[in-house]
Amino acid sequence: MKQNRDEELYPELELPEEEEQEKKPEFELTKQERRWAALGAMKAAFLIGMLYVIGGALLIWLMLTLWD
């Protein structure tokens with residue numbers, strides 16, 4: 001019913017067929033590529049976390065130096 005209403009509202013709209021919607025992507029990674037992608041994500045998270053830790057440590061050091 002919804003499809004009929006859409007066709008009435010948008011007659012120029014071409015709806016994809018069910019076969020095209022069910023296609024799986026052809027992009028698949030090997031086991032080693034998945035491992036490298038996971039390690040790269042962990043490395044990026046670690047580096048971002050270290051920036052916050054170093055920034056916080058510098059802020060604490062600066063406050064202790066100024067208010068001492």
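What counts and what doesn't
Every chain's residues receive numbers from 1 upward, in the order its sequence appears when written. The model is predicted, so local features are restricted to residues of pLDDT at least 70 and side-chain atom pairs to those at 80 or more, both for listing and for counting; the totals for chains, interfaces and linings are taken over all residues. The side-chain figures draw on all heavy atoms in the structure; neither hydrogens nor water molecules are used. For the purposes of this entry, the term helix denotes a DSSP run of H or I that reaches at least four residues, the term strand denotes a run of E that reaches at least two, and both are numbered from the N terminus. Think of it in three bands: residues with accessible area under 20% of the maximum for their type are buried, residues over 50% are exposed, and the middle band is partly exposed, with areas taken using a 1.4 Å probe on protein chains only. Note on areas: Shrake-Rupley, 1.4 Å probe, and residue coverage restricted to the protein chains presented here. Confidence per residue, as judged by the predictor, is encoded in pLDDT with a range of 0 to 100.

Enquirer: Explanation requested: the overall build of the protein in the structure shown.
Expert: When you go through the protein residue by residue, the secondary structure sums to 3 helices and 0 strands. Ordered by position from N to C terminus, the α and β elements of the protein give α-α-α. Residues classed as buried in the protein amount to 0% of the 68 residues present. Carbon and sulfur atoms provide 62% of the accessible area of the protein, an area that totals close to 7400 Å².

Enquirer: What's the story with the confidence of the model for the protein in this structure? I'm lost.
Expert: Should the pLDDT be low somewhere, the predicted coordinates at that spot are not to be read in detail. Here the protein averages 83 in pLDDT, while 63% of its residues score no lower than 70. Ranking the elements of the protein by mean pLDDT puts helix α2 (residues 18–21) last with 57 and helix α3 (residues 31–66) first with 97.

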